[in-house]
Amino acid sequence: MRLPRFARLSALSLAFLFNGLVLGADAPEADPAAEMARAATMRDEASALRSTAEARFSDEEIGCYARFLVNRCLDKARERRVVEIRKARQLDLEAGRIELADKNRRFAERQAEQAEVAPQKAIERSEQEARNRADSETRLRNLSEKDADRVKREQDAKSRGLIEAEERHRHEAAEAQRRADEASAAAQRAEQARSDREDYEERARKAAEKKVEKDRKAAVIKP
């Protein structure tokens, strides 16, 4: 009986896996790119095996219900699916081993590169720090009295600027307080004028009422 395509591929991959496990350290160092390509192929084959197994089981499960020995048919179908799933798992495991080995290899290479250049970098860093210190000391020694006076004048100017700014701020604050006091006094005057106007209107109203009452009484008493 001729095996399906995915069965032939998985059998071939399992053969590679078995040979790799048996040879182990005796095998020559493989090309990293080729190993990663082989791992990707195994991943693809594992995925194809799972898909094929699930699709075949679904078809067989439907067909089993048309047979007399349903449970036996289902068990056989499940067994075949388990076999294919295990093959796919083995492929995934081997692919994972290859990917982990590649990751460890690249990490080891980076560590080796860093260890190789670390002494030289340390020397260069020390030399640069020494040059920086020497440059700083040279600049300090070359600082002339004229430069020192210029720095002092600049500092004095900054101090005067700060004093003038503080004085200006105090003047502005006083001016703002004066305007606030004037506004408050104006508001008080306006309130007093309103109150006086209300008192005047009230007195005028009462005087008018008294006059009306007086006229009314005079009209009643008049024969």
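As a starting point, this report considers the structure included with it. These figures come from a predicted structure and were not determined experimentally.

### Details of the nonpolar core
The tendency in soluble globular proteins is for nonpolar side chains to be buried side by side. Listed in full, the 8 residues of the largest apolar core are Ala39, Met42, Ala46, Leu49, Ala88, Leu91, Ala95 and Ile98. The set of elements that each furnish at least two residues to this core consists of helix H2 (32-64) and helix H3 (70-141). Contacts of alanine 39, omitting those with residues within four sequence positions, involve Ala95, Ile98 and Glu99.

### A look at the side chain of aspartate 92
Take aspartate 92: it is sitting in helix H3. One polar contact links aspartate 92 to arginine 50, side chain to side chain, over a distance of 2.6 Å. Residues contacting aspartate 92, with those up to four places away along its chain left out, are Arg43, Ala46 and Arg50.

### Here's the deal with H3
Helix length check: H3, at 72 residues, gives a terminal C-alpha distance of 101 Å against a target of 106 Å (1.5 Å per residue), a fit within 8%. At alanine 118, H3 shows its largest kink, close to 40 degrees, and the proline proline 119 lies no more than four residues downstream.

The rules behind the values
- Residues numbered from 1 in each chain as written.
- Predicted model: local features only at pLDDT ≥ 70, side-chain atom pairs only at ≥ 80, totals over all residues.
- Heavy atoms only, no water.
- Core = buried A, V, L, I, M, F, W, Y, C linked by side-chain atoms within 4.5 Å.
- Buried < 20%, exposed > 50% of the residue type's maximum accessible area, 1.4 Å probe, protein only.
- Helix = DSSP H or I, 4+ residues; strand = E, 2+ residues; numbered from the N terminus.
- Contact = heavy atoms within 4.5 Å.
- Polar contact = N/O pair within 3.5 Å; in protein donor to acceptor, adjacent residues only side chain to side chain.
- Expected span 1.5 Å × (residues − 1).
- Bend = angle between axes of the 7 residues up to and from the residue.

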